[in-house]
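Working through the structure, step by step
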Number of protein chains: 2
Amino acid sequence: MNLEDAKIKYIQTWGSLATSWGINKTMAQVHALLLATNKALSADEIMEALKISRGNVNMNVRALIDWGIVRKEFVAGERKEFFVADKDIWELFKQVTKERKKREIEPVLKVLEELQNDVSEDSEDAEVFRKLMKDILSVTGMFNGLLEKAIKADEHWLLSNFTKLIKR
Amino acid sequence: MNLEDAKIKYIQTWGSLATSWGINKTMAQVHALLLATNKALSADEIMEALKISRGNVNMNVRALIDWGIVRKEFVAGERKEFFVADKDIWELFKQVTKERKKREIEPVLKVLEELQNDVSEDSEDAEVFRKLMKDILSVTGMFNGLLEKAIKADEHWLLSNFTKLIKR
DNA sequence: TTTTATTTTCAATAATTTTTGAAAGTTTAG
DNA sequence: CTAAACTTTCAAAAATTATTGAAAATAAAA
């Protein structure tokens, strides 16, 4: 298979995985495109490559920058902005994990903890409820812990398998 | 806070977490409701509790049964079907993880592997691409491995923290 | 300053996903 | 068998989410 087709297939595949995990398809595709490209791309180039509008590119690139996984790069003599995604996927994984943990999981844990404490009723039903909260907190907490461990493992651990970032 | 309000808040919270992870809100809420209820519920009771239509209940309960995390239960002398979610959240976590792994992650890994092998071109770009595939496979594979480990840890490990399933 | 290039915003539109509700199907009871 | 109780299906409607595109804002060049 030639490189161009492979890139397209990879971008599609990645986009559809993203979709089923609640991540905007375009966002995943922009990111995939940047990862697969050995130079910084302008908004126009992204529009062209993915056949999407300027507004869409702008919004999604900005979101990726917010996530901290894409950055602007200035190109000498060019007025336009260019964008890069660093190719160390491990970093990306860490970033995304941290962000989602903070934004989505932790607030939920907080609510569940409050609920556990706030229900002081003495019925069997209330007991069941408190136990449920406790169990959910256990599992979610364990999951959170797993992620944290993975995040901290850095440099060591499975990292040895990684192809190091190609500096540009 | 009284139990009813707490249940409602919990069901809402859980539903919104589900939404941001690409899981249907109603599905998560039906499941949350069943978990928080100390008896099997009929379709009518679910409709009433969540204020949703019969069709919606039917579809989502069926989906939950497909996931293997809700089951039908027969009640003596009743013609209706009743539904229960087992309260061992650990089991649930394992089931959901296994299912999503199988349905969503593994096919993607397969595509990426193929792409890695199929691109035989010799340019620097192709090299970058192959490295990217390798890295993505590493991370995804590691993640998969983590989940697998967690799934297998069963009985031992963090499980000791769990409130055991209340048999009904 | 004015002009030109570029980015950002956001209301309108399109696409997708979810939900409804009534009709069709099924099962059980009489 | 027929009627009643209940479940399933699915086309249409509603809700949500993503995308466009053109106008407004910003920044750089002339």
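Scope of this entry: the structure provided in the associated data block. Because the structure is a prediction, the values reported are computed rather than measured.

How each quantity is defined
Residues numbered from 1 in each chain as written. Chains lettered and ligands numbered in written order. Predicted model: local features only at pLDDT ≥ 70, side-chain atom pairs only at ≥ 80, totals over all residues. Heavy atoms only, no water. Near = heavy atom within 4 Å. Polar contact = N/O pair within 3.5 Å; in protein donor to acceptor, adjacent residues only side chain to side chain. Helix = DSSP H or I, 4+ residues; strand = E, 2+ residues; numbered from the N terminus. Nonpolar A, V, L, I, M, F, W, Y, C, P; charged D, E, K, R; others polar. Axes fitted to C-alpha atoms, helices over the stretch in contact; angles between N-to-C directions. Left-handed = near helix turned anticlockwise from the far one by under 90°. Contact = heavy atoms within 4.5 Å. Expected span 1.5 Å × (residues − 1).

**Considering the protein's contact with DNA strand D**
As a structural note, the neighbourhood of DNA strand D is formed by 16 residues, with Thr26(A), Ser53(A), Asn58(B), Arg62(B) and Glu81(B) the closest of them. Among the atoms of DNA strand D lying within 4 Å of the protein, the sugar-phosphate backbone contributes 65%. Between DNA strand D and the protein, one listed contact pairs a phosphate oxygen with a side-chain N or O atom of Thr26(A) at 2.8 Å. Between Arg79(B) and DNA strand D, the recorded distance is 3.4 Å, taken from a side-chain N or O atom to a sugar or linking oxygen. Mapped onto the surface near DNA strand D, the elements with two or more residues apiece are α4 (54–67) of chain A together with α4 (54–67) of chain B. Sorting elements by how many residues they give to the surface near DNA strand D places α4(B) first, with five residues. A per-class count over the surface near DNA strand D returns two nonpolar, seven polar and seven charged.

**Remarks on the packing of helix α1 (residues 3–20) of chain B against helix α2 (residues 25–36) of chain B**
All names here are of chain B. Following both chains from N to C, one finds α1 and α2 inclined at 145 degrees, their axes separated by 8 Å at the closest point. When you trace α1 past α2, the crossing you get is right-handed. In this structure, α1 contributes Lys 7, Tyr 10, Ile 11, Gln 12, Trp 14, Gly 15, Ala 18 and Thr 19 to the contact, and α2 contributes Lys 25, Ala 28, Gln 29, Ala 32, Leu 33, Leu 35 and Ala 36.

**Looking at α1(B)**
The first and last C-alpha atoms of α1(B) sit 26 Å apart over 18 residues, in line with the 26 Å expected at 1.5 Å per residue. N-cap assignment for α1(B): the residue whose side-chain oxygen lies 2.9 Å from the backbone N of Glu4(B) is Asn2(B).

**Brief notes about the protein's contact with DNA strand C**
Around DNA strand C sit 16 residues in total, of which Asn58(A), Arg62(A), Glu81(A), Thr26(B) and Ser53(B) are the nearest. Those atoms of DNA strand C that come within 4 Å of the protein belong to sugar or phosphate at a rate of 67%. Contact between DNA strand C and Thr26(B): a phosphate oxygen at 2.7 Å from a side-chain N or O atom of the residue. For the surface near DNA strand C, the leading source of residues is α4(A), giving five residues.

Read these as spatial facts, not as claims about activity.
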